[in-house]
Amino acid sequence: MNLDNLGWSDFFAHSFTAYAKKGFSVARVAIAYRDTFILYGEQGELTAEVAGKFRHQSVKGEDFPAVGDWVVIQVQDTQATIHEILPRKSKFSRKTVGTKTAEQIVAANVDTVFLVSGLDKDFNPRRIERYLILAWESGTNPVIVLNKADLCNCLNDYLAQIETVALGVPIVVLSATNGQGLEALQAYLQPGQTVALLGSSGVGKSTITNQLKEETVQAVQPVRASDHRGRHTTTHRELILLPDGGLIIDTPGMREIQIWASEASLQGTFADIDALAQECRFRDCQHLHEPDCAVQQAVVSGKLDYSRLLSYQKLQKELSYLVRKQDQQAHLVEKERWKKIHKAMRNHHKR
């Protein structure tokens, strides 16, 4: 395999220079299982595990290789040992599911994110807002992909709703099942370019992948007729090479997508509300019942949809809670660090 076709660039080559002088090789993570990895490199497809030293030093989830990562390896036959992860140029992350406050990297070194939504009963602009926040945080370029156009009889209405939440973001309408509109995606799938497909179950990510790959590489299942939601047909993230040289990372559907982002990404997604807020009388206006609130005035006049304001306030609360949890966790880590230092100092004086 040619590294350039796998997405190799000067960005990664610069970081790899010192390792190359020591005789290491490099490869890209195609699939990440719990303890093993499938890699693509100049040697072809490799099975890999992380080195013992690497595992010992890695204490957080983001320290382990994710799909799309470039890793420093030593190779013996078709087996490889991963020693380091090269710096990422982008990463799409979410908060892990459950109560634990930790980052889960969905895909790394992505150039473009296709945020896929179905034009059926599962259509949900609020969910797209959540994906957009994570996309802006990741450092990738988002594209809204509206699939199942063949099932939609109110396309203009849905497009109008998306245009109000995806300000300045490209929108592609297609029907993957019928192969209609897929040519609009090719501009983002040039040789060496990596695209991640993200969306909930049943929106057609696997069907899009199969059409672009020109063969069935991902299983496809029908959605439920009651609510048009699907089951998880894709069970793991996978980097897939396309015939024209682009790369796709297909991901399992994410019904629960918890925010892992910054205030800047929230403001970027809700740039319209942020611009209105500059006209409020009070700089710390919460846009609730304050006098001369430009945001509330925009709702009353019909300039701003009330549901969008509610979504903004809900996501703002989620981010604030996340920041508090991260600060609390950082405090506990620092406290434990100093506890170990003081213990070491006491043991030293006893000698």
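Below or above, wherever it landed, is the structure these notes cover. Values in this document were obtained by computation on a predicted structure and should not be read as measured data.

### Digging into the sheet that holds strand β3 (residues 44-50)
1) Next: Ordered in space as β1-β2-β3-β5-β4, the five strands form a closed barrel in which the pairing is mixed. Each adjacent strand pair in this sheet contributes to an overall mean axis angle of 50°, direction not counted.
2) Next: Strand direction decides the pairing type here: strand β4 (residues 70-76) and strand β5 (residues 79-85), joined by six bridges, are antiparallel. Each bridged residue has a counterpart across the sheet, and for V75 the counterpart in β5 is A80.

### Looking at the packing of aromatic side chains
1) Next: Applying the stated criterion across every chain, the model contains 11 aromatic pairs.
2) Next: Between W8 and F16, the ring centres sit 6.0 Å apart and the planes meet at 85°, which makes this aromatic pair edge-to-face.
3) Next: Residue W8 is classed as buried on the basis of its relative accessible area of 17%.
4) Next: Relative to Y19, the ring of F16 has its centre 6.5 Å away and its plane inclined at 25°; by these criteria the two rings are stacked. Linking F16 with Y19, this pair stays in helix α1 (residues 10-21), spanning three residues, or about one helical turn.
5) Next: Grouped by ring-pair contacts, the aromatic residues W8, F11, F12, F16, Y19, F24 and W70 constitute a single cluster.

### Side note on helix α5 (residues 205-213)
1) Next: Judged by how many residues are buried, α5 sits mostly within the fold: eight of nine residues are covered.
2) Next: Here α5 has its buried residues at K205, S206, T207, I208, T209, N210, L212 and K213.
3) Next: Turning to α5, the residues buried within the fold contact β8 (112-118), β9 (141-147), β11 (194-198), β12 (238-241) and β13 (247-250).
4) Next: Looking one or two residues beyond α5, the residue adopting positive phi is E214, at roughly 65°.

### With respect to the pairing of strand β2 (residues 37-41)
When a strand is regular, its side chains alternate between the sheet's two faces.
1) Next: With five of five residues buried, β2 lies mostly within the body of the structure.
2) Next: Pairing of strand β1 (residues 25-32) with β2, which is carried by five bridges, proceeds in the antiparallel orientation. Bridging across to β2, R28 finds its partner in Y40.
3) Next: Hairpin remark: β1 followed by β2, antiparallel, with four residues in the connecting loop.
4) Next: For β2 and β3, the ladder comprises five bridges, and the chain directions are antiparallel. Paired with I38 across the bridge in β3 is T47.

What counts, and at which threshold
Residue numbers restart at each chain and count upward from 1, following the sequence in its written direction. It should be noted that, the model being predicted, local features are given only for residues of pLDDT at least 70 and side-chain atom pairs only at 80 or more, the latter also being counted only at that level, while totals for whole chains, interfaces and linings use all residues. Note: side-chain values were computed over all heavy atoms of the structure, leaving out hydrogens and water. When DSSP finds at least two bridges between two strands, those strands are taken to pair. Labels follow the DSSP assignment, with helices taken as runs of H or I lasting at least four residues and strands as runs of E lasting at least two, numbered in each case from the N terminus. The axes used here are C-alpha line fits, helices contributing only the stretch in contact, and every angle between their N-to-C directions lies in the interval 0 to 180 degrees. Any Phe, Tyr or Trp ring, taking Trp's six-membered ring, that has another such ring centre within 6.5 Å forms a pair; planes under 30 degrees apart are called stacked, those over 60 apart edge-to-face, and the others tilted. The buried label applies to any residue whose accessible area, calculated with a 1.4 Å probe on protein chains only, is under 20% of its type's maximum; exposed applies above 50%, and partly exposed to all values in between. We call two residues contacting when some pair of their heavy atoms lies within 4.5 Å.

Structural measurements only, silent on function.
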